[in-house]
Amino acid sequence: MSEDNHTGVGYHTIFYVLLAALALSLLLGHVSTGFWSQATIYVIALMKAYLVATYFMHVNVEPRFIKVLIVGLVLVLAALLIGVFPDVSWGVTKVQGT
Amino acid sequence: MSTQLHTPTYEQTGTTLGRLGIWIFLASEVAVFGGLIMIYLLLRLGHPEWADYAANTMNLAGAFNTVVLLTSSLTIVLAHQAAASGKYAVAARHMLVTIAFGGVFLVVKAFEYTHEIGAGFTPTTNLFWSCYYLMTALHGLHVIAGMIAIAVVRRGIVRGENPQRAEYVGMYWHLVDIVWIFLFPLLYLSSGG
């Protein structure tokens, strides 16, 4: 069956890339628990989410305002993380009972 | 364009009404799960000892469930493709396989819960386990909702009715997959210091 996700890249190809990315994440988590390996695992997760959204959910063929909606949401979440991070990092806010 | 068959594309929005509605709905889901994930990340950054707690989650089961959901994402997008091509029997079969994968995911998750609660890690053990159970249980409820939605849409697909809904329910299922793509490293692979 020919595969049409409007990019010329087959669904099965994307699936195998996703599996390879998962394997890489597992390998990184197994061989190292350092900061950079953890950061790489999250970057890989972001890439996997991008692949699913672009090729399986067909974000690539959506009008600009849908893409703006998605990117805007991610930016709001990033702003929440960056905005509150100093409090958490410098111990201004400490959740009790943990 | 196969993704937008059977429903008109509106000039004002550049997409179909169904896809627009689903995107708005998915945006609300992203706000819910995104907020939870951000809260977890902030708490995690402030509590290095959570690395020890995360080491008690079952990596192998989590990895297996990731493969299950990724495969189900493939089958549901193939269902949408088949429905858009008028191959309704093929689409219905792919949807059934997707529902089965959802069932496998839930069984593995139930196995994990049983093991973890048996080991003394309950939602009230500490904040890490509260977050773990909250996020995975909420995600599990979404898996169940997705399975029900796919089953309902599949009934119409079998009769050749509303084939565009295969795409709508597929978009929801992909979001459930994406949420798990983030939950897996956060809760299972984040045992590093």
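Residues numbered from 1 in each chain as written. Chains lettered and ligands numbered in written order. Predicted model: local features only at pLDDT ≥ 70, side-chain atom pairs only at ≥ 80, totals over all residues. Heavy atoms only, no water.

As for the overall build of chain A
Regarding its fold elements, chain A presents 3 helices and 0 strands. Starting at the N terminus, the α and β elements of chain A follow one another as α-α-α. Put simply, 53% of the contacts in chain A that link residues at least 6 apart link residues at least 24 apart. Accessible surface for chain A amounts to roughly 5800 Å². Of this, 72% is attributable to carbon and sulfur atoms. (Helix = DSSP H or I, 4+ residues; strand = E, 2+ residues; numbered from the N terminus. Contact = heavy atoms within 4.5 Å. Areas by Shrake-Rupley, 256 points an atom, 1.4 Å probe, with all protein chains shown as cover.)

Overview of a nonpolar patch on the surface
Residues and elements named next belong to chain B. Together, Leu141, Ile144, Ile148 and Val152 make up an exposed nonpolar region whose accessible area comes to about 380 Å². Structurally, Leu141 can be placed in helix H5 (residues 127-158). The exposed category is assigned to Leu141, whose relative accessible area is 55%. (Patch = residues over 30% accessible without salt bridge, like charges linked within 9 Å, V, L, I, M, F, W, Y side chains within 5 Å. Salt bridge = Lys/Arg side-chain N within 4 Å of Asp/Glu carboxyl O. Buried < 20%, exposed > 50% of the residue type's maximum accessible area, 1.4 Å probe, protein only.)

Notes on the interface of chain A and chain B
Contacts between the two partners involve 44 residues from chain A and, on the opposite side, 54 residues from chain B. Interface area, chain A with chain B, both sides summed: about 4300 Å², of which 77% is carbon and sulfur. At the boundary of chain A with chain B, the tally comes to 1 salt bridge. Mapped onto the side of chain A that touches chain B, the elements with two or more residues apiece are helix H1 (11-31), helix H2 (35-56) and helix H3 (64-89) of chain A. Ranked by residue count, the leading element in the side of chain A that touches chain B is H3(A), at 11 residues. (Buried area = accessible area lost by both parts, 1.4 Å probe.)

With respect to the packing of aromatic side chains
Residue and element names in this part refer to chain B. Under the defined criterion, the tally for this structure stands at 19 aromatic pairs over all chains. Centroid distance Tyr113 to Tyr132: 6.4 Å. Interplanar angle 80°. Geometry classified as edge-to-face. One end of the pair, Tyr113, is in helix H4 (residues 88-118); the other, Tyr132, is in helix H5, with 19 residues separating them in the sequence. A centroid spacing of 4.7 Å and a plane angle of 15° characterise the contact between Phe121 and Trp129, whose relative ring orientation is stacked. Assessed through its relative accessible area of 0%, Trp129 is described here as buried. (Phe/Tyr/Trp six-rings, centres within 6.5 Å; stacked < 30°, edge-to-face > 60°.)

Structural notes on the environment of Phe85(A)
Examined against the element boundaries, Phe85(A) turns out to sit in helix H3. Setting aside anything within four residues of it in sequence, one finds Phe85(A) in contact with Leu42(B) and Leu45(B).

Comments concerning the nonpolar core
Within the largest apolar cluster, 79 residues are counted, with the highest numbers of intra-cluster contacts made by Phe56(A), Met95(B) and Leu187(B). In terms of residue count, the dominant contributor to this core is helix H6 (residues 165-187) of chain B (16 residues). Beyond its immediate sequence surroundings of up to four residues, Phe56(A) is in contact with Tyr11(A), Ile14(A), Phe15(A), Leu18(A), Leu51(A), Ser73(B), Leu74(B), Val77(B) and His174(B). (Core = buried A, V, L, I, M, F, W, Y, C linked by side-chain atoms within 4.5 Å.)

Re the environment of Leu80(A)
Within the element layout of this structure, Leu80(A) appears in helix H3. A residue is classified by how much of its surface remains accessible, and Leu80(A), at 36% relative accessible area, is partly exposed.

What about the pattern of salt bridges?
Tallied over the full model, the rule gives 4 salt bridges over all chains. A salt bridge links Arg19(B) to Glu167(B); its shortest N-O distance comes to 2.1 Å. On the criterion of sequence distance, the pair formed by Arg19(B) in helix H1 (residues 17-46) and Glu167(B) in helix H6 is long-range, its members being 148 residues apart. Neither Arg19(B) nor Glu167(B) differs from the other in exposure class; each is buried. One salt-bridge network, held together by shared partners, links Glu62(A), Arg19(B) and Glu167(B).

Overview of the side chain of Glu112(B)
Residue and element names in this part refer to chain B. Mapped onto the elements of the fold, Glu112 is located in helix H4. Within the structure, the side chain of Glu112 is placed 2.5 Å from the side chain of Tyr188, a separation counted as a polar contact. Not counting residues within four places of it along the chain, the set of residues in contact with Glu112 comprises Met58, Ala61, Gly62, Asn65, Tyr132 and Tyr188. (Polar contact = N/O pair within 3.5 Å; in protein donor to acceptor, adjacent residues only side chain to side chain.)

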